[in-house]
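Residue strings, one per chain:
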Amino acid sequence: MRRVALILILLLLAAPAGAAPPRSGIVADLTDGKSLFAANCARCHGPRGEGVHDNGPSLRDAGALSADFYLRTGYMPLEDASSQPWRTRVLFSERQLRALVSYVASIGHGPRIPSPQWRHASLPAGLKLFRDHCAGCHQIVAQGGIVIGARVPPLNKSTPRQIAEAVRVGPYLMPRFSEKAITPTQLNDIVAYVQWTKNPDERGGWALGNLGPWPEGMVTWLLAASLLVAMCVVLGRRLQR
């Protein structure tokens, strides 16, 4: 027994380091969309995507749009259905992602995946739209933040398609915007602006992480206060002479 245990320990130590293992309960060695869904999604969403009470919503109206967004951002699958989805490592290959998205799309009738045409969109219009609809949570340069009951992610890792998908899906506490609320042209403008925030033109100099006016104002006040204290010290020494 001791010899067997020693051999097992040596084998484990000699095993080559590979990719990080998937989260507990994830089955990623299948290629068929229906099988992947049954192994990784049915626990919360039901065997036919009908939803499970107090666990996971129905996917009958999710379509390819929601499935593509949640899977490609690593938001799903969740270990705990009550947790806030957060961007993590994508657990499936490209072939498996396509299979899963196609299967979810076949469950019911839902929106298709958008293809934003943002390269020739209006950056000033995108800035105004983002300021009016998004900056209250994501900050004006899309650095993310915190609101009551949720963390707001930065958008620096979001692809143009994921930005467009998020606007239409409304993940977690984010509101969902229909094509009446934000038209496809306006959506292209928003995507163009978010893409710009990833490498903004820092004409003003020190950007302080692009966190917005609050940290910039605090640094200004701290510098001003330090300068004021220094001036008071100098004047006080001169008056003592």
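Residues numbered from 1 in each chain as written. Predicted model: local features only at pLDDT ≥ 70, side-chain atom pairs only at ≥ 80, totals over all residues. Heavy atoms only, no water.

Q: Residues and numbers for the packing of helix H4 (residues 63–72) against helix H5 (residues 94–107), please.
A: Contact geometry for H4 and H5: axes closest at 8 Å, N-to-C directions at 145 degrees. The handedness of the crossing between H4 and H5 comes out as right-handed. Residue-level contacts link Gly63, Ala64, Ala67, Asp68, Leu71 and Arg72 of H4 to Glu94, Leu97, Arg98, Leu100, Val101, Val104 and Ala105 of H5. (Axes fitted to C-alpha atoms, helices over the stretch in contact; angles between N-to-C directions. Helix = DSSP H or I, 4+ residues; strand = E, 2+ residues; numbered from the N terminus. Left-handed = near helix turned anticlockwise from the far one by under 90°. Contact = heavy atoms within 4.5 Å.)

Q: Outline the nonpolar core, listing residues and values.
A: Within the largest apolar cluster, 19 residues are counted, with the highest numbers of intra-cluster contacts made by Phe130, Ile182, Leu187, Ile190, Val191 and Val194. Secondary-structure elements contributing two or more residues to this core are helix H6 (123–133), helix H8 (160–169) and helix H9 (184–197). The element that contributes the greatest number of residues to this core is H9, accounting for six residues. With sequence-adjacent residues up to four places away left out, Val194 is seen in contact with Phe130, Leu155 and Ile163. (Core = buried A, V, L, I, M, F, W, Y, C linked by side-chain atoms within 4.5 Å. Buried < 20%, exposed > 50% of the residue type's maximum accessible area, 1.4 Å probe, protein only.)

Q: Describe the pattern of salt bridges, with residues and values.
A: Counting across every chain of the model gives seven salt bridges. Arg131 is paired through a salt bridge with Asp132; the nearest N and O atoms lie 3.3 Å apart. Judged by its relative accessible area of 44%, Asp132 is partly exposed. Between Arg161 and Glu165 there is a salt bridge, with the nearest N and O atoms lying 3.9 Å from each other. Pair noted here: Arg161 and Glu165 are both in helix H8, with a separation of four residues, about one helical turn. For Arg161, a relative accessible area of 31% translates into the label partly exposed. (Salt bridge = Lys/Arg side-chain N within 4 Å of Asp/Glu carboxyl O.)

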